[in-house]
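Residue strings, one per chain:
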Amino acid sequence: GQQVMQIPQYQHVQEGEDFTTYCNSSTTLSNIQWYKQRPGGHPVFLIQLVKSGEVKKQKRLTFQFGEAKKNSSLHITATQTTDVGTYFCAGAVEAGNNRKLIWGLGTSLAVNP
Amino acid sequence: DAGITQSPRYKITETGRQVTLMCHQTWSHSYMFWYRQDLGHGLRLIYYSAAADITDKGEVPDGYVVSRSKTENFPLTLESATRSQTSVYFCASSSGLSGYTFGSGTRLTVV
């Protein structure tokens with residue numbers, strides 16, 4: 001079936017180091033979304049990428065959507081303790097409708113101060 | 001305030017009991033979803049609704065019932081709770097064009 005693989009599962013970094021998580025889909029996606037979940041919290045929507053090869057930035061976070069629209073990455077520059085949490089990608093498979101999302105299992109980020 | 005609220009935040013119930021988790025959104029979003037989150041399984045879709053009176057099964061619907069008589073409410077009922085339904089339950093809403101807005105979750109323990 002359709003699935004989204006997300007790696008790594010866990011990542012420990014020192015504060016100030018960079019961090020990247022990757023998502024790979026078994027199927028072409030119409031868009032991909034990224035969410036952050038703080039420990040004990042709920043997923044919070046970060047961004048949606050729609051176009052092939054799209055790159056978007058939010059301060060220290062850089063999101064990329066692959067040319068084939070089957071993979072994506074989230075890169076955090078110079079991590080801070082506030083970046084701690086689990087980052088999920090979720091791919092939409094229906095064009096123009098996010099009714100059905102395929103979720104990755106998430107990457108848990110720990111930041112040592 | 002606009003948003004999505006879930007209640008209760010925590011619930012302990014006994015095996016075999018019926019329990020209902022509530023979800024209310026003020027965004028007027030067409031779509032609403034129920035997910036459960038368990039270690040090692042990520043977010044799994046239980047049920048979703050595209051509009052009032054329209055619901056559909058997700059990935060793990062067995063043992064759950066939903067209804068959506070009004071656009072803003074989407075309650076989830078466990079008909080006869082089992083220990084395997086111990087989990088964190090998240091309700092979410094969406095316009096269908098952008099990201100999901102999640103509620104704060106209900107942590108359910110079935111003993």
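Sequence order as written defines residue numbering, which begins from 1 separately in each chain. All chains are assigned letters beginning with A, and all ligands numbers beginning with 1, in the order in which they are written. Reporting of local features is limited, given that this is a predicted model, to residues whose pLDDT is at least 70; pairs of side-chain atoms are given and counted only at 80 or more, and all residues count toward the totals for whole chains, interfaces and linings. Heavy atoms from the whole structure form the basis of all side-chain values; hydrogens and water molecules are not counted.

Asks: For this particular structure, what's the right way to read the interface of chain B and chain A?
Replies: A common way to express how large an interface is: the accessible area buried when the components associate. By definition, residues are in contact when any of their heavy atoms lie within 4.5 Å. On the chain A side, the residues contacting the 18 residues of chain B number 17 residues. Buried area is calculated as the accessible area (1.4 Å probe) missing from two parts once they are joined, with the contributions of both summed. Carbon and sulfur atoms make up 53% of the area that chain B and chain A hide from each other, which totals about 1,500 Å². On the chain B side of the contact with chain A, Leu43(B), Tyr100(B) and Phe102(B) bury the most area, a combined 33% of that side's loss. Definition used for salt bridges: Asp or Glu carboxyl oxygen within 4 Å of a side-chain nitrogen of Lys or Arg. Run the count over chain B and chain A and you get 0 salt bridges. Any pair of nitrogen or oxygen atoms within 3.5 Å is treated as a polar contact; in protein, a donor-acceptor pairing is required on top of that, and neighbouring residues in sequence qualify only through side-chain atoms on both sides. One can count 4 residue pairs in polar contact (both at pLDDT 80 or more) joining chain B with chain A. Those elements that place two or more of their residues in the side of chain B that touches chain A are β4 (31–38) and β5 (42–51) of chain B. Elements are defined by DSSP. Helices are runs of H or I of four residues or more, strands are runs of E of two residues or more, and each kind is numbered from the N terminus.

Asks: Any chance you could explain the pattern of salt bridges here in plain terms?
Replies: Pairing between side chains of opposite charge can happen when the charged atoms of each approach one another. Residue and element names in this part refer to chain B. Tallying each qualifying case throughout the model produces 5 salt bridges over all chains. Arg17 is paired through a salt bridge with Glu14; the nearest N and O atoms lie 3.4 Å apart. A relative accessible area of 48% means that Arg17 is categorised as partly exposed. The residue Arg36 makes a salt bridge to Asp38 at a minimum N-O spacing of 2.8 Å. Through salt bridges with shared partners, a single ionic network connects Arg36, Asp38 and Arg44. Partly exposed residues are those whose accessible area sits between 20% and 50% of the maximum for their type, while under 20% is buried and over 50% is exposed, using a 1.4 Å probe and protein chains only.

Asks: Whenever I open this one, the packing of aromatic side chains confuses me. Can you help?
Replies: Note on aromatic pairs: each is described by the distance of the centres and the angle between the planes. What counts as a ring pair is set by centres within 6.5 Å for rings of Phe, Tyr and Trp (its six-membered ring), and what kind of pair is set by the plane angle: stacked under 30 degrees, edge-to-face over 60, tilted for all other angles. Tallied over the entire structure, the rule returns 17 aromatic pairs over all chains. Both rings, one in Trp103(A) and one in Phe102(B), keep their centres 5.9 Å apart while their planes meet at 75 degrees; by these two values the pair is edge-to-face. Taken together, the residues Trp103(A) in strand β10 (residues 97–103) and Phe102(B) in strand β10 (residues 101–102) connect one chain to another. Site record: aromatic cluster; members linked through ring pairs are Tyr35(A), Phe45(A), Phe88(A), Trp103(A), Tyr31(B), Phe33(B), Tyr35(B), Tyr48(B), Phe90(B), Tyr100(B) and Phe102(B).

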